[in-house]
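Next come the chains, spelled out residue by residue.
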Amino acid sequence: MRWRPRSGPLLLALVVGLAILVLGAEATRAGWTTAQVANATNTAKTGRLAFSHTYASTTCVGAGPADTACAGSPVTAAASSASTQTLDTTLSNQTTGGGAFTQQVQVTSCAPAAFANSTTSGDPLLARNRVTRNATDKWGTTSAAAFDGSTQYAADVISTTTAAAASTSYTIGLWFKAAPGSAGGGLLSLNASPVDSTSAGANPSVYLDPSGRVRARFDGVPIIVVPVILTVASGAGTDYRDSQWHHIALTVGRGALTTDLRLYVDGAVVDTALGVTLLVGTGSAAWWHVGWTDTTGLVGLGNPTPYFTGSLSGVFRTTTALSGATVSTLAGAASSTAYVSALSGAQHVWMLAEGRTATFATAIAYVTGGNPCAHVRLGWTLGATTAFTPTALASLTSSGWLPASPAAAPAGGASHVLTTSYSRVPAGYDTDVAGLELVTALGHRASLSGSSWRLLFAWTTAVLLG
């Protein structure tokens, strides 16, 4: 028999009743498609059911008694309010000879999705708000990410300080591709907020202004009380919003009393600035951001929008002011591998190539409790019965299979509904986790009474925290 999709009140409530973000273009539904019980000759019922589990664009087919693991990483909708949102509804319609199903679920792992740092493994970028991963890069491969210019960005996990950045020589840079008519936005900056909230401004900040000019700002340590601000920009009339890849490098050469700022685009110097600045000073904690910058203090300097519209790749920071020859080598790299090789010894290299399987499971200092997976709960119902009280994902990862829930198998033509759901924790929710995507490995298994049949479905979901 076939499983029939259902799009009645449940789907209506999902779409209309919950104002949430949804990952992926399709609504997330699931259904068992074929099922039958076969009896071997002169034996008891063997319960050989064939199930096909469809989840978003991923289909997993399995037949008992063997276990089956689902391939792919279907995405789910967001847990962005105190209300529970349905993620997975399983509709069944089969005859099982009067047996009963015993069903269980488990969470084997949970961690936020990350763009790995190839040189400083403990400091990845955490993607926010459905950043498109594995986008086509400069070299025709997939070491790029796309940003929507509205809410999407990424930020690193380990803080540095504005003083540390201002007091040493270094180079920062990346590849960018902006569409014609886009508003530009922040490319790479060091910000006093770990998320995308306005704080004390960015230092340094590299960005694309709304006319398509590349600009950068560096704040040096004040001379007594007089602020020292150095700015550089590509020439008037230059518009890099042309759907082509361009390389940017900002070198900061620090002396005891001076700073030499040089802005390179596509391997060539487009502007320089030399200022008198002190070498030492104090500063507060700050985090690197990609695709966003704090625009405080940038009025009159191109007036950029905070979020970038377009694709980015090859983000880096070195601990030296690179030579013009080295910058030219980076801009002329023949592959992403050659690019990374040319950055040997860099402090940070984020290529933005990772998918949702790249995660960061270590505690995050600025998140309450350190674990984003403690801020969202999983619930499960079987028909009208609550299988277990919604529980934080962080707790479920060590709980094993939860709990065995027998239910009479539906007769032919009847329906059987299984629902998993995510929701925010009712108290203690930390807004610093907003926009993080939690990569969660889920399992569902079922067995049939009176038979040796059993079946395990395992799949990966990405849950957006709102």
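Starting from 1, residues in each chain are numbered consecutively following that chain's sequence as written. Restriction of local features to residues with pLDDT of at least 70 applies here, the model being predicted, together with a cutoff of 80 or more for giving and counting side-chain atom pairs; totals for whole chains, interfaces and linings are based on all residues. Water and hydrogen atoms were dropped before computing side-chain values, which therefore reflect all heavy atoms in the structure.

## Looking at the packing of aromatic side chains
Using the following cut-off: We call Phe, Tyr and Trp rings a pair once their centres come within 6.5 Å, taking the six-membered ring for Trp, and we label the pair stacked below 30 degrees between planes, edge-to-face above 60, and tilted otherwise. Runs of E in the DSSP output that reach at least two residues are strands. Runs of H or I that reach at least four are helices, and both are numbered from the N terminus. Working definition: with a 1.4 Å probe on protein chains only, accessible area under 20% of the residue-type maximum means buried, over 50% means exposed, and in between means partly exposed. Charges are assigned to positions over rings by a cutoff of 6 Å between ring centre and Lys NZ or Arg CZ, combined with an angular limit of 35 degrees from the ring normal.
A full pass over the atoms with the stated rule returns six aromatic pairs. Summarising the aromatic geometry, the rings of Trp175 and Tyr339 are spaced 6.3 Å apart at their centres and angled 55 degrees between planes, so their arrangement reads as tilted. Here the residue Trp175 occupies a position in strand E12 (residues 170-177), and Tyr339 occupies one in helix H4 (residues 336-342), the gap between them amounting to 164 residues. Residue classification places Tyr339 among the buried residues on the basis of a relative accessible area of 0%. Look at Trp287 and Tyr366: their rings are 5.6 Å apart centre to centre, the planes differ by 80 degrees, and that puts the pair in the edge-to-face class. A residue pair is termed long-range when its members are at least 10 positions apart, and Trp287 in strand E20 (residues 285-290) and Tyr366 in the loop between strand E22 (348-350) and strand E23 (376-382) qualify at 79 residues. Judged by relative accessible area, Trp287 falls into the buried class, the value being 10%. We note Arg317 situated over the ring of Tyr170; from NZ or CZ to the ring centre the distance is 4.7 Å. Sitting over the face of the ring of Tyr429, Arg424 holds its NZ or CZ atom 4.1 Å from the ring centroid.

## What to know about the pairing of strand E19 (residues 268-276)
In summary, the side chains of a regular strand alternate between the two faces of the sheet. Heads up, the rule is: Any two strands between which DSSP finds at least two bridges are classified as paired.
One ladder, built from eight bridges, connects strand E18 (residues 258-265) with E19; its direction is antiparallel. Within E19, the residue paired with Tyr264 across the bridge is Val269. Counting the residues in the hairpin turn of E18 and E19 gives two residues, including Asp266, whose phi is positive at 55 degrees.

## With respect to the pairing of strand E10 (residues 153-156)
Of the two faces of E10, both are covered, the one formed by Tyr153 and Ala155 as well as the one formed by Ala154 and Asp156. Here two bridges tie E10 to E20, and the two strands are oriented antiparallel to one another. What sits directly across from Ala154, in E20, is Val290.

## Considerations on empty space enclosed by the protein
For clarity, the cut-off: Put plainly, a pocket is an open set of points on a 1 Å grid over the protein atoms alone with protein on both sides within 12 Å along at least five of seven lines, a cavity is a set where a 1.4 Å probe fits but cannot get out, and a lining residue has an atom within 4 Å of a point. Grid points are joined across faces, edges and corners, and a volume is the space filled by probe spheres set on the points. We call Asp, Glu, Lys and Arg charged. Ala, Val, Leu, Ile, Met, Phe, Trp, Tyr, Cys and Pro are nonpolar, and the rest, Gly among them, are polar.
Applying the stated criterion across every chain, the model contains three cavities of 30 Å³ or more. Taken as a whole, the second largest cavity encloses approximately 50 Å³ of empty space. As for the second largest cavity, its lining consists of Val105, Gln106, Leu378, Thr420, Leu442, Gly443, His444 and Trp459. Mapped onto the lining of the second largest cavity, the elements with two or more residues apiece are strand E5 (100-112) and strand E27 (437-448). No other element matches the three residues that E27 contributes to the lining of the second largest cavity. Taken together, the residues of the lining of the second largest cavity sort by class into four nonpolar, four polar and no charged.

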